[in-house]
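Chain residues, written in single-letter form:
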Amino acid sequence: MSKPDKTYRKRALGDHVLSPETMMMSYGFDPKLSEGSIKPPVFLTSTFAYASAEEGAAFFRVMGGRAQAGDPETAGLLYSRFNNPNMEVLEDRLTLFDKAEDAVVFSSGMSAISTAIMAHSKAGDVVLHSTPLYGGTETMIRNVLPNYAIAQVEFVAMAPEAEVKKAMEEALTQGRISVIMAESPTNPTNEIVDFALLVALADEIEQRQGHRPIIMIDNTFLGPIAQHPLEQGIDMVLYSLTKYVGGHSDLVAGAALGSDAVMAPVRKLRSAIGTNLDPHSCWMLLRSLETVKIRMEAAFNSARIVAEFLRDHPKVQKVRYLGFLEEGSRDHTLHTRQATMNGSTFAFDIKGGEDAAFRFQNALKVIKLAVSLGGTESLISHPGSTTHSGVDPLLRARLGFDPGMVRLSVGLENPQDIIADLNQALEHA
Ligand SMILES: *Cc1c(COP(=O)(O)O)cnc(C)c1O
């Protein structure tokens with residue numbers, strides 16, 4: 001989508017470039033179009049009236065890629081499955097942190113991931129992917145895509161380069177590699193996937209099969225504040241906006257970001273199959289975006305304090321916090337190259353296995369027991385018996401899953417209160 005530089009899309013004051021967090025309060029919304037409203041109204045409408053039959057015809061030509069001389073540059077508002085003012089403002093603002101040309105929002109993280117992969121794949125293709133991925137993504141790639149004759153080949157997130165190359169060779173024998181899909185850091189063990197290696201793979205695959213695969217990174221854990229894969233040669237960034245970006249555990253939404261060329265087929269498929277986001281959730285996300293930077297930074301700062309407490313506790317064995325990666329190790333080198341902060345979701349092992357982990361969880365009084373992450377409230381879960389209970393036991397062993405491993409998402413409570421709660425509950429472990 002072309003983005004004309006109107007006054008409400010101001011990115012700089014003369015030579016002074018505005019920061020994304022500043023633009024979260026203004027970019028992409030013109031109050032003059034809404035009675036001077038400081039905030040965008042919620043446009044709860046399914047359809048939009050056009051001024052004349054001719055204008056309607058022109059909008060549909062532009063939307064359908066059949067523009068004629070004299071047609072407007074972009075299709076106006078038509079129908080809320082295609083576009084809606086709340087959706088457009090949200091998409092404009094989402095481009096800013098990741099410096100993307102285009103952002104497309106979806107009804108969930110899973111609809112973003114599914115629509116993005118489907119838009120770039122056809123029958124006979126292969127998806128090359130890291131594992132573990134988010135459970136829903138694994139299910140989609142392993143169990144759903146094969147029904148449409150799209151195969152998959154995996155490599156373990158922290159596998160050495162030779163092993164990843166072997167997976168690539170295997171994928172090349174199975175068909176055209178359409179997508180390289182990875183998640184980094186991984187959930188819940190915080191392993192790092194090497195972005196530069198993925199770019200090198202895409203280069204080689206392009207040489208050998210004559211088609212460049214689209215590299216997609218699920219950036220839910222550290223983005224859009226602390227990791228910007230598009231600046232590192234990655235083609236598309238995917239988000240569950242349900243997590244840190246939404247940030248209040250009160251909505252489900254997703255997004256895909258990239259260049260205009262990479263996003264065009266994704267936007268088109270979203271319009272066709274209707275995986276779009278509703279105007280009310282878009283409005284809620286605009287509110288969330290005004291505070292996303294300070295919320296994520298506050299949670300990330302608290303997480304270090306909490307992680308340090310856990311590391312020193314006699315009933316805790318291993319704290320998989322990104323800030324504790326060993327200097328000079330593979331993961332530390334990659335993490336410091338690819339990201340600027342250490343996040344606030346990490347796993348740690350309670351001594352005594354699953355029984356001890358369950359006793360500990362049941363004794364918590366402030367931290368709530370739930371899956372999901374990135375909200376204002378701290379949440380804890382036991383991946384082995386919940387989100388990751390379906391993961392192959394051999395893979396779980398390789399990833400270093402311990403029966404006593406729990407995952408904590410540190411929220412915005414006072415970190416000393418979180419520590420007090422953990423401390424009293426560990427007495428019961
Ligand atoms: C939650 C999550 C998803 C799925 O997002 P939904 O909004 O629940 O559909 C995808 N990837 C990661 C890393 C997630 O944490």
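Provided above is the structure to which this section pertains.
A brief report on the enclosed structure follows. (Residues numbered from 1 in each chain as written. Predicted model: local features only at pLDDT ≥ 70, side-chain atom pairs only at ≥ 80, totals over all residues. Heavy atoms only, no water.)

**Comments concerning the sheet that holds strand 3 (residues 102-106)**
On the basis of which strands lie adjacent, the open sheet formed by seven strands has the order 3-9-8-7-6-4-5 and mixed pairing. Each edge of the sheet is formed by a strand with only one pairing partner; in this case those strands are strand 3 and strand 5 (151-156). Strand-to-strand twist in this sheet, taken as the mean axis angle between neighbours without regard to direction, amounts to 20°. Pairing between strand 8 (residues 236-240) and strand 9 (residues 254-258): five bridges, direction antiparallel. Looking at strand 9, one finds that S240 is bridged to G254. Strand contacts of helix 3 (residues 85-98): strand 3, strand 8 and strand 9, with the helix running at about 125° to strand 3, the strand carrying the most contacts. (Pairing = 2+ DSSP bridges. Helix = DSSP H or I, 4+ residues; strand = E, 2+ residues; numbered from the N terminus. Axes fitted to C-alpha atoms, helices over the stretch in contact; angles between N-to-C directions. Contact = heavy atoms within 4.5 Å.)

**What to know about the site of the ligand**
Around the ligand, the structure places 14 residues, and the nearest of them are M110, D218, S240, T242 and K243. Between the ligand and D218 there is a distance of 2.6 Å, counted from a nitrogen atom to a side-chain nitrogen or oxygen. Looking at the shell around the ligand, the element that brings in the most residues is helix 4 (residues 109-119), giving three residues. A breakdown of the residues in the shell around the ligand according to their chemical character gives six nonpolar, five polar and three charged. (Near = heavy atom within 4 Å. Polar contact = N/O pair within 3.5 Å; in protein donor to acceptor, adjacent residues only side chain to side chain. Nonpolar A, V, L, I, M, F, W, Y, C, P; charged D, E, K, R; others polar.)

**With respect to the side chain of S184**
With respect to the element layout, S184 can be found in the loop between strand 6 (176-183) and helix 7 (195-209). Among the polar contacts made by the side chain of S184, one reaches the main-chain amide nitrogen of V193 at a distance of 2.9 Å. Apart from residues no more than four positions distant in its own chain, S184 is found in contact with E191, I192, V193, F195, D218, Q227 and Q338.

**A look at the packing of aromatic side chains**
Across all of its chains, the model carries six aromatic pairs by this definition. We note R270 situated over the ring of F106; from NZ or CZ to the ring centre the distance is 6.0 Å. Above the plane of the ring of F324 lies R311, whose end atom (NZ or CZ) is 4.1 Å from the centre. (Phe/Tyr/Trp six-rings, centres within 6.5 Å; stacked < 30°, edge-to-face > 60°. Lys NZ or Arg CZ within 6 Å of the ring centre and 35° of its normal.)

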